[in-house]
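Chains, contacts and geometry: an overview
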Amino acid sequence: MELTLALAIGVLTASGVYLVLRPRTFQVIIGLSLISYAVNLFILAMGRLRMDAAPILSGANANPADYTDPVPQALVLTAIVIGFAMTALFLVVLLAARGLTGNDHVDGKGN
Amino acid sequence: MLAALPFLACALVLALPGRGNKGAVWIAAVVAGVLSLLSIGLFPLVADGGVISTRLEWIPQLGLNIVLRMDGFAWLFAVLITVIGFLVVLYARYYMSPKDPIARFYSLLLAFMGAMLGLVLSGNIIQLAVYWELTSLVSFLLIGYWYHRGDARDGARMALIITGTGGLALFVAMMLVGHIVGSYELDVVLASGRTLVESPLYPLTLILFLLGAFTKSAQFPFQFWLPNAMTAPTPVSAYLHSATMVKAGVFLLARFWPVMSDSDLWFWIVTYTGLATLIFGAYAALFQRDLKGLLAYSTISHLGLITTLLGMGSPLAAVAAIFHIANHATFKASLFMAVGIIDHETGTRDVRKLSGLIKFMPFTGTLAIIASAAMAGVPLLNGFLSKEMFFTETAIYDSNVFINLSLPVGATLAGMLSVAYSIKFVHGVFFGPPPTELEKVPHEPPALMRRPIEFLVLVCLAVGIIPGITIGPYLAAAVHSVLGAETPYYSLSVWHGFNLPLIMSIIALVGGAIIYVPYYRRLRNIDGVPLTRGLRGQRIFERILVTATNRWARRVVQAFGTQRLQPQIFTVIFLAFAAGIVSGWARMGNLPLPENFDPVLGLVWLLGGISAMAAAHQAKFHRLASLILMGGAGLATCLTFAWFSAPDLALTQLLAEIATTVLILLGLRWLPKRTPVAEDLTWGVKFRRYRDIGLAVVAGLATALASYAIMTRAAPDGISDFFLANAYSQGGGTNVVNVMLVDFRGFDTLGEITVLGVVALVVFGLLRRFRPAADSAERPEQQRVLDDYAAGAGQHVADDFLRIPALIINWMFPIVIVAAIYMLLRGHDLPGGGFIAGIVMSLAFILQYLAGGTRWVEERLRILPVLWIGWGLLLALLTGLGAMLLGAPFLTSAFAYADIPFIGKVPMATALIFDLGVFALVVGAVVLMLVALAHQSIRRPKPAGSSKPKVREGLDKWN
């Protein structure tokens, strides 16, 4: 289980890093999204993996051992929203650069 | 304490710039007047070595507190600052032309007064350094007050760079002092005795410290900024560059004199820097054509004199230094004002053009003559007394022959020169034939403009004739606060008998006249200093500036910088992972073998991984495919969240994924068309590609290893237990993640939604000016093909093909909204919340776009997303402030359960209102981005580069 997730994070990171290094803006935006998946999973993994643990409290007196770790979840929730905003912003910058330079190279130069 | 009042008043006035000119003058005058009275009134409290202090705890852990502290010495300065400030305000009322922005002038002047008061009253040495920089900054603004003049800008920049650099050195010195002594409190530092001098860090500290003091007080070799600062309006020169700011350096020297001066290093550096400045300043002043230049060099010279005195290290010398600080402030400020009057009345400050003015302005002339006599050290004036003390100190026998000779000889020489330039000032301007080259006939200025000078000259006379009564007690208080128990006996009387200092004075007076008389015709026309003309500090400074900030900077950029993005990203990623691997390798330890394997998760990630790699492979030519594949990887991520008991995350991820995909789909249309071609790869391209693959694989391996290593270890005790234990009892919700977001970590969320709102506005703003590239400005190929087939077919497709889905989607709209509200309300206890509800709500709009098309939606869109963003943010903020109103910390939430009929028990926490704000903002932001992007497809924007004027269309609501 841990190994699966670790490999998943690895594959996502590798694909993302490769894409971020490509010269086309669209490649970079996809790469950034993939990296953000990897990072989100990584943050979740920091709280250790818990299957079938309740995320919702039942009753006021709770034994923390029965529940999932809420801290990474709260962090990732924030990260997802910010990641969305980042993608949107980058998309618009990409479009503006494309309009101004006439091509979709990250440096705005030729092919 | 009363000492805190100046700052309040200053801030108050600063808040009122830009009003009517009269108002600014009145406010400034009243504030300055009140401040002077206040500070004078404080004298009884400091008269007997008393110290008033007020303290405001700021960061006590770091020893950083705001401390205001006034002793006799600080009192002397405070009075100088406020009284001369008051006089300058009055004077400037008549000096400044009505065309100048008066309010700015006075607000800056008051800001300076506040900064300078803060400097002298600082009881914390870090605070002192901060005020020090503040005076530099305000001085920069005041020198550059006439910013349309190039020389004013240059002078201001030079002053800022020199004094600012010095201030930085001083700041470091202060931190070192704090480190050595163990406290930043001035009281503790002053009581530390010989700790500083005996510390091994002393030489470094001293040099940095002196760098700060010397640059501020224009000591050699940093003297050149002061004459250039004379481009400031004359009231500024009178106030900042003679009476107060340049005194800050000597103030500092005197302030730290008790703890730092007791060493040879101090003696040699300070005394001889001062002596060099003294002689050089006096020498250069003799050759100035500009009256303000003459006074500027004379100021430098007098500051040198004070520095020399402070360097000598004997208590009596320190007394003389403090005395001379006060004396110099009075006569020099009055001289500057007199020059200002001359400039104002005749239109020039050039010695060559001026002469015989005594006939036209007898009062001003007399005042100026008395003040320059004080400057020259003529008996019965205050300048004589302190100069006499100076001569006394230099004449004291020292066993070192060099010191024994150089000090008195240098002092006498400087005295002669200063007499000479004083005569030049008086004789050149006020005597001789009437001026011929003037544009207007000079006459006496308004009486009120002269009052400040009269007052100051009166002080000069009073101090000079009856020193014991006029300044005795104040000087005693100031001296006592600096020297403490070491205070020596000194006498302030005018006549000390016929002794060596008197002989030196006589030599100086006679010698000065002898220097001046034979050469005055030549001196009149000369400009620039003989012998050192080639070695102009200003030119050296400018050359260094150009070399360092232009040439070297460009070379460094050429050597290390690149404009290309790819190498930059490569370097960043490479360094990041290299650092991570190097530091993580040692801690890796033994990795246990996997214990369990979940085939379903494995399958999910088999697909997810393949999607990710395929997306990476396809992103170049098949954008749509790549986008869909990325969605596959996102879906796998989302499933994983659900798998590991994170329902909130799974929901958010799923929804954000949809929104992202739709946005990118909307953007795809503007990208250039690419068809896969058999590439003829060069070696360079191939190498780069394999290199990137290599880095990617290493990065992937590293993250996989790191996450595996962490996941197979037991988790340390974090803060999670706290949240789990308190979410219900304190936050009133059972969904811990949501409670954290809206309650415990509400401030983070507030910041986050702010970011989201800003991004939406940026997106909107950028797209308003959107210009598509020439080759994608046309309608897309698919639509054109259809239109070729039959006119209007493109529209037909949108209308007919999607008719049934459109109907369903229309019906779904209210349902989706209800779902969104449901998500919002239950968020506190069950998965959901503002973010999720907000995205669900925006998906409702996205669906309408899919079904009806952009035009259709825009005709019917009734919400204003920008307003939603604003209200959402406001609501969230108000919730937080509401808590503050009730006395709880920002964003504390209260909660209760309400029993609503038919629905049941509903948690009613104030956090819900906060979440409502989040919801509104997310809806507004996402819809705004969506609308902005979608609108581009129905615009007929002019492509970039074409010069055709844009055709306005009916629907320009979103432009």
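Owing to the predicted nature of the structure, the values given are computational and were not obtained by experimental measurement. (Residues numbered from 1 in each chain as written. Chains lettered and ligands numbered in written order. Predicted model: local features only at pLDDT ≥ 70, side-chain atom pairs only at ≥ 80, totals over all residues. Heavy atoms only, no water.)

1. A few points about the overall build of chain A
Counting secondary structure elements, chain A contains 3 helices and 0 strands. In chain A, the succession of helices and strands from N to C terminus is α-α-α. Across the 111 residues that make up chain A, the buried fraction comes to 61%. Contacts in chain A between residues far apart in sequence, at least 24 positions, make up 56% of those at least 6 positions apart. Carbon and sulfur atoms make up 64% of the accessible area of chain A, which amounts to about 3,600 Å² in all. (Helix = DSSP H or I, 4+ residues; strand = E, 2+ residues; numbered from the N terminus. Buried < 20%, exposed > 50% of the residue type's maximum accessible area, 1.4 Å probe, protein only. Contact = heavy atoms within 4.5 Å. Areas by Shrake-Rupley, 256 points an atom, 1.4 Å probe, with all protein chains shown as cover.)

2. Examining the overall build of chain B
When you go through chain B residue by residue, the secondary structure sums to 39 helices and 4 strands. A burial count over chain B gives 53% of its 959 residues as buried. Summarising the internal contacts of chain B: among those between residues at least 6 apart in sequence, 78% fall at separations of at least 24. Of the roughly 42,300 Å² of accessible surface on chain B, a fraction of 69% belongs to carbon and sulfur atoms.

3. Let's talk about the packing of aromatic side chains
All names here are of chain B. Within this structure, the stated rule accounts for 16 aromatic pairs over all chains. Aromatic pair Phe267 and Trp268: ring centres 5.4 Å apart, planes at 80°, arrangement edge-to-face. Accessibility expressed as a relative area gives 14% for Phe267, which makes it buried. On the basis of an interplanar angle of 75° and a centroid distance of 6.3 Å, the ring pair of Phe280 and Tyr297 is categorised as edge-to-face. Separated by 17 residues along the polypeptide, Phe280 in helix α15 (residues 264-285) and Tyr297 in helix α16 (residues 291-312) bring together distant segments of the chain. Like Tyr297, Phe280 is buried. Of the aromatic side chains, those joined through ring pairs into one cluster are Phe73, Phe77 and Phe251. Across from the ring centre of Trp683, 5.5 Å away, lies the NZ or CZ of Lys686, which sits over that ring. If you follow Arg691 out to its NZ or CZ, it ends over the ring of Phe570, 4.1 Å from the centre. (Phe/Tyr/Trp six-rings, centres within 6.5 Å; stacked < 30°, edge-to-face > 60°. Lys NZ or Arg CZ within 6 Å of the ring centre and 35° of its normal.)

4. Section: the pairing of strand β2 (residues 64-70) of chain B
Residue and element names in this part refer to chain B. Burial analysis of β2 places 6 of its 7 residues in the buried class, the great majority of the element. By the bridge criterion, 7 bridges tie strand β1 (residues 52-59) to β2 in an arrangement that is antiparallel. Its bridge partner lying in β2, Ile52 is registered against Met70. (Pairing = 2+ DSSP bridges.)

5. What about the interface of chain B and chain A?
Each partner contributes residues to the interface: chain B has 107 residues there, and chain A has 80 residues. For the pairing of chain B and chain A, the buried interface totals around 8,200 Å² over both sides, and the portion due to carbon and sulfur atoms is 77%. Area buried by chain B at its contact with chain A is led by Phe644, Met711 and Leu724 of chain B, which between them contribute 9% of it. For the interface between chain B and chain A, the tally reads 1 salt bridge. (Buried area = accessible area lost by both parts, 1.4 Å probe. Salt bridge = Lys/Arg side-chain N within 4 Å of Asp/Glu carboxyl O.)

6. A look at the nonpolar core
Residue and element names in this part refer to chain B. Judged by nonpolar contacts, the single largest core of 191 residues is most densely connected at Phe209, Trp225, Phe256 and Trp266. Ranked by residues supplied to this core, first place goes to helix α17 (residues 315-346) with 19 residues. Non-local contacts of Trp225, meaning those with residues more than four positions away in its chain, are made with Met158, Ala159, Ile162, Thr163, Thr215, Lys216, Ala218, His241, Met245 and Val246. (Core = buried A, V, L, I, M, F, W, Y, C linked by side-chain atoms within 4.5 Å.)

7. With respect to the confidence of the model for chain B
Residues and elements named next belong to chain B. On average, residues of chain B score 79 in pLDDT, and 85% of them are at 70 or above. In the model, residues 946-959 has pLDDT below 50 throughout and makes 19 contacts with residues more than four positions away in sequence or in other chains. The ipTM value of the predicted complex is 0.91, and its pTM value is 0.65. (pLDDT = per-residue confidence, 0-100.)

8. Examining the environment of Val479 of chain B
Residues and elements named next belong to chain B. Relative to the elements of secondary structure, Val479 occurs in helix α23 (residues 472-483). On the accessibility criterion, Val479 (0% relative accessible area) is buried. A C-alpha to C-alpha distance of 6.0 Å links Val479 and Val319, two positions 160 residues apart in sequence. Those residues within four positions of Val479 in sequence are excluded, and the remaining contacts are Val319, Ile322, Gly484, Thr487 and Tyr490.

9. Overview of the confidence of the model for chain A
Residues shown with low pLDDT carry predicted positions that ought not to be read at fine detail. Looking at chain A as a whole, its pLDDT mean stands at 82, while 84% of the residues score no less than 70. Ranking the elements of chain A by mean pLDDT puts helix α3 (residues 70-101) of chain A last, at 86, and helix α2 (residues 25-46) of chain A first, at 90.

10. Brief notes about the UniProt feature "transmembrane region" (unreviewed entry) in chain A
Per the UniProt record, the feature "transmembrane region" (unreviewed entry) sits at residues 26-46 and 74-97 of chain A. Structurally, residues 26-46 of chain A is divided into 100% helix and 0% strand, and its ends, taken at the C-alpha atoms, are 31 Å apart. (UniProt positions renumbered as here; feature names shortened; annotations may be inferred.)

11. Quick notes on the pattern of salt bridges
Residues and elements named next belong to chain B. What the rule picks out here adds up to 11 salt bridges over all chains. For Asp151, the salt bridge is made with Arg149, and the minimal N-O distance between the two is 3.3 Å. A residue is classified by how much of its surface remains accessible, and Asp151, at 39% relative accessible area, is partly exposed. One salt bridge connects Arg691 with Asp692, and the closest N-O pair in it is separated by 3.4 Å. Its relative accessible area of 2% is what places Asp692 among the buried residues. Look at the salt bridges and you will find they share partners, linking Arg69, Asp71, Asp187 and Arg255 into a network.

12. What to know about unusual backbone geometry
Residue and element names in this part refer to chain B. Phi is positive for Ala218, which is not a glycine, with a value near 55°. Assignment of secondary structure puts Ala218 in the loop between α10 (202-216) and α11 (225-228). With a phi angle near 60°, Ser645 is a residue other than glycine that sits in the positive phi range. By the element assignment, Ser645 lies in the loop between α28 (623-643) and α29 (647-668).

13. Re the side chain of Glu185 of chain B
Residue and element names in this part refer to chain B. In this structure, Glu185 sits in the loop between α7 (150-181) and α8 (186-190). On the accessibility criterion, Glu185 (11% relative accessible area) is buried. Among all residues touching Glu185, those that are not within four sequence positions of it are Arg55, Asn65, Val67, Gly123 and Asn124.

14. Describing the environment of Ala646 of chain B
Summarising the element assignment, Ala646 of chain B is placed in the loop between α28 and α29. Along the primary structure Ala646 of chain B and Pro831 of chain B are separated by 185 residues, whereas in three dimensions their C-alpha atoms are 9.0 Å apart. Once residues within four sequence positions are removed from consideration, Ala646 of chain B is found in contact with Leu44 and Gln73 of chain A together with Phe641 of chain B.

15. Details of helix α36 (residues 803-826) of chain B
All names here are of chain B. Its 24 residues give α36 an end-to-end C-alpha distance of 35 Å, which sits within 8% of 34 Å, the value for a rise of 1.5 Å per residue. Roughly 35° is the biggest bend found in α36, and it falls at Phe813, with proline Pro814 one to four residues downstream. Residues of α36 that are buried in the fold lie against α29, α37 (834-860) and α39 (910-935). (Expected span 1.5 Å × (residues − 1). Bend = angle between axes of the 7 residues up to and from the residue.)

16. Observations regarding the environment of Arg826 of chain B
Within the secondary structure, Arg826 of chain B sits in helix α36. When the C-alpha positions of Arg826 of chain B and Leu912 of chain B are compared, they lie 9.5 Å apart, and in sequence the two are 86 residues distant.

17. Description of the packing of helix α12 (residues 234-243) of chain B against α17 of chain B
Residue and element names in this part refer to chain B. Between α12 and α17, whose axes approach to 9 Å, the crossing angle comes to 160°. As far as their axial angle goes, α17 and α12 are roughly antiparallel. Relative to α17, the crossing made by α12 is right-handed. Contact residues: α12 offers Thr234, Ser237, Ala238, Ser242 and Ala243, while α17 offers His328, Ala329, Lys332, Ala333, Phe336, Met337 and Gly340. A per-class count over the contact of α12 with α17 returns 6 nonpolar, 5 polar and 1 charged. (Axes fitted to C-alpha atoms, helices over the stretch in contact; angles between N-to-C directions. Parallel < 35°, antiparallel > 145°, perpendicular 65-115°, else oblique. Left-handed = near helix turned anticlockwise from the far one by under 90°. Nonpolar A, V, L, I, M, F, W, Y, C, P; charged D, E, K, R; others polar.)

18. So, a positive patch on the surface
Residue and element names in this part refer to chain B. Together, Arg539, Arg543, Arg551, Arg554 and Arg555 give the surface a local cluster of positive charge. Structurally, Arg539 can be placed in helix α25 (residues 537-560). You can call Arg539 partly exposed: its relative accessible area is 44%. (Patch = residues over 30% accessible without salt bridge, like charges linked within 9 Å, V, L, I, M, F, W, Y side chains within 5 Å. Lys, Arg positive; Asp, Glu negative; His and termini not counted. Charge placed at Lys NZ, Arg CZ, Asp CG, Glu CD.)

19. A short note on the side chain of Ser334 of chain B
Residues and elements named next belong to chain B. Looking at the secondary structure, you find Ser334 in helix α17. Reaching out from Ser334, the side chain makes a polar contact with the backbone oxygen of Phe331 at a distance of 2.7 Å. When sequence neighbours within four positions are dropped, the list of residues in contact with Ser334 reads Ala371, Ile453, Leu456 and Val457. (Polar contact = N/O pair within 3.5 Å; in protein donor to acceptor, adjacent residues only side chain to side chain.)

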